[in-house]
Amino acid sequence: MTTLEHSSKIIIVGSGVFGISTALWLARSGYSDVTILDMQDTAATGYDPLSGTDSASADLNKIIRFSYGSEIEYQRLASEAAQLWDDWNREIAATPADELPESLREGDRKLWWNVGLLRMSCESEFGAFEIETLENMEREGIREFQFRSDDDADIARAKQRGWAHKLDPCRRQKRLGTHKAVLDSTAGFVYAYKSCAWAQYLAKKAGVKTTLDSVRGKVIDITSRDSRPVVHTADGSEHIADLVVVAGGGWTPSLIPEVQGLLETTAGSVANIQIPMDDPDLWGRFAPENQPVISWGSHQGKEVYSLPRDENGIFKIGWRKTKWTNFEDVRGRRVSVPRTAHVTEKKETRVPIDALNGIKEYIAINFPELVSLGISSTRLCWYTDSIDNSFVVDFVPGCPGVAVCSGGSGHGFKFLPILGREVVKILEGKGSQTVYGQMWRWRSSSESKRNGLEEGEEGPRVLSKQAMASEADWKFTN
Ligand SMILES: Cc1cc2nc3c(=O)[nH]c(=O)nc-3n(C[C@H](O)[C@H](O)[C@H](O)COP(=O)(O)OP(=O)(O)OC[C@H]3O[C@@H](n4cnc5c(N)ncnc54)[C@H](O)[C@@H]3O)c2cc1C
């Protein structure tokens, strides 16, 4: 472990949620020599996936939920993050437009939207998981913010609080004669790229330095000299530091071989539908004011979600039933690595046909009015999964001065404003004294079930084993 001083030279690899939040909190905690290296110029692109940035954090929008079932520690951290998301909304509103990151100067200048999350059953009854979730919420004293679509008292409370119009946005009861759903009025979404751009702006304001460049910012190796970590970048430079924090998202397992077995790179599947601006009915119905975030058939074998249309009319739908792997040779090892639209050598903009069909089924059943529009684009979004879906933030055994900060496992974004606070405590060596330090410590699992990581290249989720959807599949056939 490294003993940190406020003047220590700290390098962070990666400017996504995990890297930027860490940098921000280090700088705000008094560390004066913090530099972020990234192989993508996230300052120039503003993390906008449509401008060619490929990372889990560089996305249009992400779901924010504060209910975590029985995982109380994540629920508490998410609630603390909620206060900071509110603060960020207020700070942005109070900042002159010309001082803001470009994506926040025009259009929606609000990051966090409390539009509700409708957990919709795909059957005529609730699944066991939903019932358990509601019981947990009752115990935690937060049940009053949940509205069941089939409970008169809940419907009356939803009406009183202005949420009733979001209880059945798919008009399922009228069209299908059945609708079982619970609206969580505490949840919503954030504009992901705008949030990261804002966090980067705050980090720079706090003194964080950045090298965001496909050559000078690209880390190709991390070695050690005199017990100090040395970062090698693609321009041939060496950067000797006191501490290196690797927050490389889906690229982390290829940079740090030691994480193999603890972290694995996988991809979620996403599709977009372009809502036409010149159709006032659709434009209005899919706006955040009228459309909640929806999850459909969660723990019932469907695992689809959608978010309200964004300011440009993009309606995003995600399928999380299967997370794909992609094994390639990385310096003599077989490692699952991202295969993205822009950054990686082998490019990929398609998703597997199974995922696209799952998304099309969701649309056809729940939003038949969108069928004639068809899908307008698809994307694989690469994460790092850990063996137990909890983050991994700790020093790497046998690598002096090197820490890993990753393992978002598909739920890390909501913690952007607060994550770094806990990471700094771990980097300062206080991890064993904190709840999150213990949860996110370096660990292994002797059990045979390890969140799919045990499957490896032999498993069924390997991308090369899938039939991929082509543009011709974007149309719906009746
Ligand atoms: C499909 C999908 C849906 C999700 N939905 C949600 C959600 O609704 N709510 C939620 O809370 N979370 C969600 N998440 C999870 C969340 O997006 C992630 O936990 C989080 O964004 C991970 O951030 P990161 O910093 O670890 O990685 P990334 O955002 O991937 O950032 C990694 C950065 O490291 C850089 N990098 C990598 N290698 C190198 C190198 N060698 N040299 C220099 N730079 C390097 C990359 O360029 C990149 O900028 C979702 C994730 C996915 C994929």
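Residues numbered from 1 in each chain as written. Predicted model: local features only at pLDDT ≥ 70, side-chain atom pairs only at ≥ 80, totals over all residues. Heavy atoms only, no water.

Draft legend 1. How the structure looks around the overall build of the chain. From N to C terminus, the chain includes 12 helices and 22 strands. Taking 23 Å as the expected radius of gyration for a compact globule of 478 residues, we find that the chain reaches 22 Å, a close match to that expectation. Its C-alpha atoms give the chain principal-axis dimensions of about 70 × 50 × 45 Å. Counting the 478 residues in the chain, one finds 58% classified as buried. Contacts spanning at least 24 positions in sequence make up 72% of the contacts within the chain whose residues lie at least 6 apart. Averaged over its 57 positive side-chain charges, the chain has a centre that lies 1 Å from the centre of its 66 negative ones. (Helix = DSSP H or I, 4+ residues; strand = E, 2+ residues; numbered from the N terminus. Rg over C-alpha atoms; globule rule 2.2 N^0.38 Å. Buried < 20%, exposed > 50% of the residue type's maximum accessible area, 1.4 Å probe, protein only. Contact = heavy atoms within 4.5 Å. Lys, Arg positive; Asp, Glu negative; His and termini not counted. Charge placed at Lys NZ, Arg CZ, Asp CG, Glu CD.)

Draft legend 2. Representation of the pairing of strand 13 (residues 243-246) in the model. Of the two faces of strand 13, both are covered, the one formed by Leu 243 and Val 245 as well as the one formed by Val 244 and Val 246. Sheet analysis places strand 1 (residues 10-13) next to strand 13, joined by 4 bridges and oriented parallel. The residue bridging Ile 12 from the neighbouring strand is Val 245, located in strand 13. As defined by bridge partners, strand 13 adjoins strand 22 (residues 402-406) across 3 bridges and the pair is classed as parallel. Residue pairing across strands places Val 244 opposite Val 402, the latter belonging to strand 22. (Pairing = 2+ DSSP bridges.)

Draft legend 3. Molecular detail of the sheet that holds strand 1. Spatially, the 6 strands line up as an open sheet ordered 9-2-1-13-22-21, and their pairing is mixed. The open sheet has two edge strands with one neighbour each: strand 9 (209-212) and strand 21 (392-395). Across the sheet, the mean angle separating the axes of adjacent strands is 15° when strand polarity is ignored. Packed onto the sheet, helix 1 (residues 17-28) meets strand 1, strand 2 (34-38) and strand 22 and runs at close to 160° relative to strand 1. (Axes fitted to C-alpha atoms, helices over the stretch in contact; angles between N-to-C directions.)

Draft legend 4. Structural detail: the domain arrangement of the chain. Per the domain assignment, the segments making up the chain are domain 1 (10-64 + 193-262 + 387-444) and domain 2 (117-188 + 265-385 + 465-474). Just the C-alpha atoms count here: the centres of domain 1 and domain 2 sit 28 Å apart. With 36 residues of domain 1 at the interface, the matching set in domain 2 holds 31 residues. In this assembly, domain 1 packs against domain 2 so that about 2,600 Å² is buried in total across both faces, 50% of it on carbon and sulfur atoms. When the buried area of domain 1 at its contact with domain 2 is split by residue, Asp 54, Asn 61 and Ile 63 rank highest and sum to 23% of it. Inspection of the region where domain 1 meets domain 2 yields 4 salt bridges. Here Asp 59 makes a salt bridge to Lys 316, at a shortest N to O gap of 2.8 Å. (Domains from an automatic or database assignment. Buried area = accessible area lost by both parts, 1.4 Å probe. Salt bridge = Lys/Arg side-chain N within 4 Å of Asp/Glu carboxyl O.)

Draft legend 5. Region of the structure containing the packing of aromatic side chains. For the structure shown, the criterion picks out 21 aromatic pairs. When the centroid spacing of 6.0 Å and the interplanar angle of 15° are considered together, the rings of Trp 319 and Trp 324 count as stacked. Each member of the pair Trp 319 and Trp 324 is classed as buried. Members of the aromatic cluster, connected to one another through ring pairs, are Phe 18, Tyr 68, Tyr 74, Phe 391, Phe 415, Tyr 436 and Trp 440. Here the guanidinium or amino end of Lys 194 rests over the ring plane of Tyr 191, the centre of that ring lying 5.0 Å away. Of note, Lys 360 hangs over the ring of Phe 476, and the distance from its end group to the ring centre comes to 5.6 Å. (Phe/Tyr/Trp six-rings, centres within 6.5 Å; stacked < 30°, edge-to-face > 60°. Lys NZ or Arg CZ within 6 Å of the ring centre and 35° of its normal.)

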